[in-house]
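Chains, contacts and geometry: an overview
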Amino acid sequence: MLEIRNLDVRYGGIHAVQGVNISIRRGSIVTLVGANGAGKSSIIRSIAGLNKTVSGDILFTRNEGEAPMSLMGHKPEDMVRHGISLSPEGRRILPHLTVEENLRLGAYIRSDREGIREDLEKVYDLFPRLRERLWQKGGTLSGGEQQMLAVGRALMSRPTMVMLDEPSLGLAPLLVQEIFRIIRRINEIGMTVLLVEQNAYAALNVAHYAYILEVGRVVLEGPGQELLENPKVKEAYLGG
Ligand SMILES: Nc1ncnc2c1ncn2[C@@H]1O[C@H](COP(=O)(O)OP(=O)(O)O)[C@@H](O)[C@H]1O
Ligand SMILES: [Mg+2]
């Protein structure tokens, strides 16, 4: 459903992404794993149309059987219309709006009130903690709850593909487990997931396919379970 070909991202003198090829199958969970600064967010931001300094190609096929369209140079506003949504790194929720208002923002391009209502229910089913706090201001939520709100908001546009940039960052171990259980669930209900993580163990465990990035390049790829068994991965990313 998404083919990234020979992607390059530069910021002035920094060559952040160097000739990366990534393929994402419809219905799968694909993860990009790598240390801080490896280029993971830059790749996601390129798909989202948030990076200008890119070359290569990003081909997206929204529905099976359709001709692929290039996402190179498209505007971030187009992304949601194409059926892609992003939960950005670092819980970018609006602190002065309530939980429900934040979620409704994720549906801003939609006008089907019934459908939005249904999807709010789905998000509350996935995240019971958000249902309990729907009137609470976003800024008064705990870090973990804000993270969940950001993920929930990304689901409100009814995307076919959702991109999650470090959803487990800074969460307590129990919440990390919960967020990964929810990622699996999001995939089971039909969404393709592109997951960026520093928590290599949890990400490889949940992913059908994974790419390991080091300083802007893919150094290893394969099914998540296979990479979990790979001695190099064990040594470098799973603490030996
Ligand atoms: N807006 C920017 N301006 C300049 N350099 C940037 C910018 N964004 C990212 N970088 C640099 O690009 C590299 C990759 O960053 P990033 O994609 O955020 O990595 P990751 O998400 O894997 O931590 C890093 O060296 C980072 O400092
Ligand atoms: Mg990042």
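Residues numbered from 1 in each chain as written. Chains lettered and ligands numbered in written order. Predicted model: local features only at pLDDT ≥ 70, side-chain atom pairs only at ≥ 80, totals over all residues. Heavy atoms only, no water.

**Section: the sheet that holds strand β8 (residues 192–197)**
- The strand order across the open sheet built from 6 strands is β6-β7-β8-β3-β9-β10, with neighbouring strands paired in mixed fashion. This sheet does not close on itself; its edge strands, each paired only once, are β6 (84–87) and β10 (217–222). Strand-to-strand twist in this sheet, taken as the mean axis angle between neighbours without regard to direction, amounts to 15 degrees.
- The pairing of strand β7 (residues 161–165) with β8 spans 5 bridges and is classified as parallel. Note on β8: the bridge partner recorded for D165 is V196.
- Where helix α6 (residues 143–155) meets the sheet, it contacts β6 and β7, and its direction lies at approximately 170 degrees from that of β6. (Pairing = 2+ DSSP bridges. Helix = DSSP H or I, 4+ residues; strand = E, 2+ residues; numbered from the N terminus. Axes fitted to C-alpha atoms, helices over the stretch in contact; angles between N-to-C directions. Contact = heavy atoms within 4.5 Å.)

**Details of the packing of α6 against helix α7 (residues 173–188)**
- One can describe the packing of α6 onto α7 by two numbers: an axis separation of 11 Å at closest approach and a directional angle of 10 degrees. Taken as axis vectors, α6 and α7 run roughly parallel relative to one another. Contact residues: α6 offers G144, M148, V151 and L155, while α7 offers L175, E178, I179 and I186.
- Class assignment of the residues belonging to the contact of α6 with α7 gives a composition of 6 nonpolar, 1 polar and 1 charged. (Parallel < 35°, antiparallel > 145°, perpendicular 65-115°, else oblique. Nonpolar A, V, L, I, M, F, W, Y, C, P; charged D, E, K, R; others polar.)

**Examining the coordination of the magnesium ion (ligand 2)**
- Ligation of the magnesium ion (ligand 2) by protein atoms is provided by S41 (OG) and E89 (OE), these donors lying 2.0 to 2.4 Å from the ion. Linking S41 in helix α1 (residues 40–47) with E89 in the loop between β6 and α3 (99–105), this pair joins segments that are 48 residues apart in sequence.
- Judged by relative accessible area, which is 29%, E89 ranks as partly exposed. (Donors = N, O, S within 2.8 Å, 3.2 Å for Na, K, Ca; no water. Buried < 20%, exposed > 50% of the residue type's maximum accessible area, 1.4 Å probe, protein only.)

**A few points about the site of ligand 1**
- Taken together, Y11, I14, A16, A35, N36, G37, A38, G39, K40, S41 and S42 make up all the residues around ligand 1.
- A distance of 2.7 Å separates an oxygen atom of ligand 1 from a polar backbone atom of G37.
- Protein contact buries 61% of the 560 Å² of open area that ligand 1 shows by itself.
- Those elements giving two or more residues to the shell around ligand 1 turn out to be β2 (14–24) and α1.
- Broken down by element, the residue count for the shell around ligand 1 peaks at 3 residues, all from α1.
- Looking at side-chain class alone, the shell around ligand 1 contains 5 nonpolar, 5 polar and 1 charged residues. (Near = heavy atom within 4 Å. Polar contact = N/O pair within 3.5 Å; in protein donor to acceptor, adjacent residues only side chain to side chain. Areas by Shrake-Rupley, 256 points an atom, 1.4 Å probe, with all protein chains shown as cover.)

**Comments concerning the side chain of K40**
- Within the element layout of this structure, K40 appears in helix α1.
- Overall, K40 belongs to the buried group, its relative accessible area being 4%.
- In this structure K40 touches L32, V33, G34, A35, E166, V196, E197, Q198 and L213, once residues within four positions along its chain are discounted.

**Here's the deal with the sheet that holds strand β5 (residues 69–70)**
- Pairing in this open sheet of 4 strands is antiparallel, and the strands run β2-β1-β4-β5 from one edge to the other. This sheet does not close on itself; its edge strands, each paired only once, are β2 and β5.
- Pairing of strand β4 (residues 54–60) with β5, which is carried by 2 bridges, proceeds in the antiparallel orientation. Bridging across to β5, F60 finds its partner in M69.

**A word on α6**
- Here α6 contains 13 residues, and its C-alpha end-to-end distance of 19 Å stays within 8% of the 18 Å for a straight helix at 1.5 Å per residue.
- Counting buried residues along α6, 12 of its 13 residues qualify, which places the element largely inside the surrounding structure.
- When α6 is considered as a whole, its buried residues turn out to be G144, E145, Q146, Q147, M148, L149, A150, V151, G152, R153, A154 and L155.
- As for α6, its buried residues are in contact with β6, α3, α4 (113–126), α5 (128–132), β7 and α7. (Expected span 1.5 Å × (residues − 1).)

**A closer look at α4**
- With 14 residues, α4 should cover 20 Å at 1.5 Å per step; its first-to-last C-alpha distance of 20 Å lies within 8% of that length.
- On its buried face, α4 sits against α3, α5, α6 and α7.

**Quick look at the layout of surface pockets**
- Each pocket or cavity is described by its volume, and for the largest pocket that value is around 500 Å³.
- Around the largest pocket sit 24 residues that line it, and M79, L86, S87, P88 and R153 are the ones nearest its centre.
- Put simply, the parts of the chain that give the lining of the largest pocket at least two residues each are α1, α2 (76–82), β6 and α6.
- With 4 residues, α2 is the largest single contributor of residues to the lining of the largest pocket.
- By residue class, the composition of the lining of the largest pocket is 13 nonpolar, 5 polar and 6 charged. (1 Å grid on protein atoms, 1.4 Å probe; cavity = no way out; pocket = protein on both sides within 12 Å on 5 of 7 lines; lining within 4 Å. Points joined across faces, edges and corners; volume = space filled by probe spheres on them.)

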